[in-house]
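One-letter residues, chain by chain:
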Amino acid sequence: MAEKVDVIGEINKYDFRVDERYVFKAQKGLNRDIVAEISAMKNEPQWMRDFRLKALEIFESKPMPTWGGNIDIDFQDIYYYIKPTERPGHSWEELPEEIKKTFDRLGIPEAEKRFLAGVKAQYESEVVYGSLREDLAKRGVIFVDMDTAVREYPDLVRQYFSTVIPPTDNKFAALNSAVWSGGSFIYVPPGVNVEFPLQAYFRINAAQMGQFERTLIIVDEGASCHYVEGCTAPMYSSESLHAAVVEVIAKRGARVRYTTIQNWANNIYNLVTKRAVAYADALVEWVDGNLGSRLTMKYPAVYMLEPGARAEILSVAFASRGQHQDAGAKVIHAAPHTSSRIVSKSISKSGGRSSYRGLVKIERGAKKSKSNVVCDALILDPQSRSDTYPYIELEEQDVMIGHEASVSKIGEEQLFYLCSRGLTEAEASTMIVAGFIEPLVKELPMEYAVEMNRLIALQMEGSVG
Amino acid sequence: MSPETLSVIDLHVSVEGKPILKGVNLTIRRGEIHALMGPNGSGKTTLGLAIMGHPRYEITRGRIELDGEDITQLEPHERARRGLFMAFQRPVAIPGVRLADFLRHAVSNVRNPARKEGEELIPMREFRKELKEKMDLLRMDAEFARRYVNDGFSGGEMKRAEILQMAMLRPKFAILDETDSGLDVDAVRLASQSIAEIGGRQMGLLIITHHERLLEHNPPDVTHVLLGGRIVETGGPELAERLHREGYDQLRQKYPEAAAEEAALAGQGKQ
Ligand SMILES: Nc1ncnc2c1ncn2[C@@H]1O[C@H](COP(=O)(O)OP(=O)(O)OP(=O)(O)O)[C@@H](O)[C@H]1O
Ligand SMILES: [Mg+2]
């Protein structure tokens, strides 16, 4: 059985054959020239070019983080920019059978499959979703890729870009600031409610976001939106580093939900900085599902800057063989009457390791603030591991803080109960695991929820007996 | 053995190395109702769980036969797919798993015993329709099926959900382990009537109970009394009535050996 354990894990070992004609002959490595070239190629204004070069200096001066997981990256052995249109392509027929099967079993529609597999460099999303964009545009909503935003909305971008996560924040944020490419830019004007999840319709772009995407979302006063990124299909990349930066600004009374489901190939370091600022009575929700990757370090954060701001962070991590998920959350209560809730669920299997790392900080003066943290870990076999690192910093006494943590195995009684109704042990385990992450799944848009459940079933395959 | 029977033959069962059942014999024909009585801790639940194949209940001797075939080595899911069912005394909660989803999987498996994981489930429409019918019968709110299996159910809701599962799975043989306990007066009546209607004479029923009401609606053809890990007496409905009236002390006097076993086991339990 052991050999069957990871359909996805096994697939990830395949190397794609690359058609030489389309390869962009960029230089490997990182230096001022390369950064300047990226900026030039994108036709960027001077301020962005300067920003990148400054960020490079910061990156070079910062040490690697000494906590989290083991990071073993040769920064000079990476391509930092490949033009999307010049991405290596390959034909559907060339894809390993296993990958095609995985797509089938996840129920990904035909057209998307080809795109996600890297067969098609561009998807006709403009044609299909053009009218949707028009409708948004009429209401003043801006939804474009970040490169376009820098060109077409320079004032807005310049006003907010990197105000939430400066390059000095951490080494990987600095790296992203120097070489970023792609990602989304969203601006929702005051009082506008975008009722459908953005990107759920455009999710096809997810696979093209590349290694260093940069996303900036500004939701103005009383406005709301739900942004969804990623998809459950395994994401392949010839490069082993994914370092994204996501900045969210929720103004007074705004509501923002940011949903991510990512399933990285096994060779990837997924080091993402995600942070939101929430002003008075604003609500920011991070829904974050992490599967795959060699190491993921990701701690979505919310800074509650004004009274009544709220944060909800829901994170689920699934670590299988050779994978380490170091995920969690950060909430900073910087004003009175702010409240936060963190729910973290992790599953470790086949020797995988998952850690919850979280910070709850209540700053002086943030009276009557409330925070509640629940982290549950499910360990499927004795080889697997789960750790919890909760940090709490209190500068104020008049607050309410709750923290609960549990580690469990799949219960024998639960298995027996389900099996006594005709489910095989494997089916029963999958059902219990799916139940365990239900709090996340029920927050997902329908099509993601369906895929997520299929993905869990796939991950669970052969794990029993 | 004729077809359509469930037999337990010289069954010895240990839990954690501790012998609980010491040679139980029992045969139920489809369409019959058997009552299984006995004082607390006499091994009634143990017998039921052993018949269903619970991994912690080790069969050290004897066997279980379904329609003349030895099923002692079968996995619980295989037994279920062959038509065995047990309504549990203490059903376990499965957080995050909706009753309807779980039941749809269960029904798909039991009605199509060759089904493998990931294969087609019973069509949603058909399933919903049937589920609604059965829930109406049990006066359960349709919303209830959206709740997580036994998670935060009241005692009565839990028992009703067990009956619902039996109704949907339509087993050949069902063991009802104190399905009447924890229910209010009206609920006991409703449960008893629905069991009669669902189980009636289509199934073979093994009813474990400490009360009379369930048996009034489902009069037993045979009554067994378990004491100290053995069936010490088997009779008709009058035996159940007598026990309800008199309790178990007379039986203990009549079967001093079994009573001694019972005392020994209880003593062990206290250690
Ligand atoms: N899982 C278990 N672990 C340890 N002991 C057990 C277990 N199951 C049963 N026993 C012991 O086996 C004996 C019989 O228990 P069982 O639950 O079968 O009794 P019962 O007849 O169903 O009692 P009641 O009428 O109280 O439900 C008791 O001494 C009990 O403590
Ligand atoms: Mg019992």
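Everything numeric in this text was worked out from a predicted model, so none of it was measured.

## Side note on the interface of chain B and chain A
- Facing the 36 residues of chain B at the interface are 20 residues of chain A.
- Roughly 2300 Å² of surface becomes buried between chain B and chain A when both sides are summed, with 63% attributable to carbon and sulfur atoms.
- When the buried area of chain B at its contact with chain A is split by residue, Ile94, Phe102 and Glu117 of chain B rank highest and sum to 21% of it.
- Between Glu412 of chain A and Arg56 of chain B there is a salt bridge; the shortest N-O distance is 3.8 Å.
- In this structure, the connection of chain B to chain A is made through 16 residue pairs in polar contact (both at pLDDT 80 or more).
- The element that contributes the greatest number of residues to the side of chain B that touches chain A is helix 3 (residues 99–111) of chain B, accounting for 6 residues.
- In terms of residue class, the side of chain B that touches chain A is built from 21 nonpolar, 8 polar and 7 charged.

## Some points on the site of ligand 1
Residue and element names in this part refer to chain B.
- In the region of ligand 1, 16 residues are neighbours, and Gly41, Lys44, Thr45, Thr46 and Tyr57 sit closest.
- A distance of 2.7 Å is found between a nitrogen atom of ligand 1 and a side-chain nitrogen or oxygen belonging to Tyr57.
- Expressed as a share of its isolated accessible area of 630 Å², the protein-covered part of ligand 1 is 75%.
- Across the shell around ligand 1, the residue classes break down as 4 nonpolar, 8 polar and 4 charged.

## What about the confidence of the model for chain B?
- Per-residue pLDDT for chain B has a mean of 92; in total, 98% of the residues score no lower than 70.
- For this predicted complex, the interface score ipTM comes out at 0.96, alongside a pTM of 0.82.

## Focus: the environment of Lys42 of chain A
All names here are of chain A.
- Checked against the element boundaries, Lys42 lands in the loop between helix 2 (32–41) and helix 3 (46–61).
- For Lys42, a relative accessible area of 9% puts it in the buried group.
- For the pair Lys42 and Ala137, spaced 95 residues apart in the sequence, the C-alpha separation amounts to 24 Å.
- Excluding its chain neighbours within four sequence positions, the residues that come into contact with Lys42 are Arg52, Tyr81, Asp147, Arg151, Trp180, Ser181 and Gly182.

## Focus on helix 4 (residues 124–137) of chain B
Residues and elements named next belong to chain B.
- Here helix 4 spans 20 Å end to end across 14 residues, near enough to the 20 Å set by a 1.5 Å rise per residue.
- Among the residues of helix 4, those classed as buried are Phe127, Glu130, Leu131, Lys134 and Met135. An end-on view of helix 4 places all buried positions within 135° of arc, on one side of the element. Those residues of helix 4 that are exposed and aimed more than 90 degrees away from the buried face are Arg125, Arg128 and Lys129.
- Summarising the contacts, the buried residues of helix 4 are in contact with helix 3 and helix 5 (155–169).
- Arg139 sits one or two residues past helix 4 and shows a positive phi near 50°.

## Let's talk about the sheet that holds strand 9 (residues 222–227) of chain B
All names here are of chain B.
- The strand order across the open sheet built from 6 strands is 6-7-8-3-9-10, with neighbouring strands paired in mixed fashion. Strands with a single pairing partner mark the edges of an open sheet, and in this sheet they are strand 6 (84–87) and strand 10 (230–235). Averaged over all pairs of adjacent strands, the angle between their axes in this sheet comes to 20°, without regard to strand direction.
- The sheet contact formed by strand 3 (residues 33–37) and strand 8 (residues 204–208) spans 4 bridges and is parallel. Residue pairing across strands places Ala35 opposite Ile207, the latter belonging to strand 8.
- Against the sheet, helix 5 touches strand 6 and strand 7 (173–177), its axis set at about 165° to strand 6.

## What about unusual backbone geometry?
All names here are of chain A.
- Residue Asn43 is not a glycine yet carries a positive backbone phi of 60°.
- Position of Asn43 among the secondary structure elements: in the loop between helix 2 and helix 3.
- Its relative accessible area of 63% is what places Asn43 among the exposed residues.
- You will see that His337, though not glycine, has its phi angle at about 55°, which is positive.
- Structurally, His337 can be placed in the loop between strand 13 (324–333) and strand 14 (339–348).

## Notes on the domain arrangement of chain A
Residues and elements named next belong to chain A.
- Parsing chain A into structural domains produces domain 1 (1–212 + 229–243), domain 2 (317–409) and domain 3 (421–465).
- Measuring from the centre of the C-alpha atoms in domain 2 to the corresponding centre in domain 3 gives 23 Å.
- Each partner contributes to the interface: domain 2 provides 10 residues, whereas domain 3 provides 8 residues.
- For the side of domain 2 that touches domain 3, the secondary-structure elements that each account for two or more residues are strand 14 and strand 16 (370–379).
- Residues that form the side of domain 2 that touches domain 3 fall into these classes: 5 nonpolar, 2 polar and 3 charged.

Definitions and cut-offs
- Residues numbered from 1 in each chain as written.
- Chains lettered and ligands numbered in written order.
- Predicted model: local features only at pLDDT ≥ 70, side-chain atom pairs only at ≥ 80, totals over all residues.
- Heavy atoms only, no water.
- Contact = heavy atoms within 4.5 Å.
- Buried area = accessible area lost by both parts, 1.4 Å probe.
- Salt bridge = Lys/Arg side-chain N within 4 Å of Asp/Glu carboxyl O.
- Polar contact = N/O pair within 3.5 Å; in protein donor to acceptor, adjacent residues only side chain to side chain.
- Helix = DSSP H or I, 4+ residues; strand = E, 2+ residues; numbered from the N terminus.
- Nonpolar A, V, L, I, M, F, W, Y, C, P; charged D, E, K, R; others polar.
- Near = heavy atom within 4 Å.
- Areas by Shrake-Rupley, 256 points an atom, 1.4 Å probe, with all protein chains shown as cover.
- pLDDT = per-residue confidence, 0-100.
- Buried < 20%, exposed > 50% of the residue type's maximum accessible area, 1.4 Å probe, protein only.
- Expected span 1.5 Å × (residues − 1).
- Arc of directions from axis to C-beta.
- Pairing = 2+ DSSP bridges.
- Axes fitted to C-alpha atoms, helices over the stretch in contact; angles between N-to-C directions.
- Domains from an automatic or database assignment.

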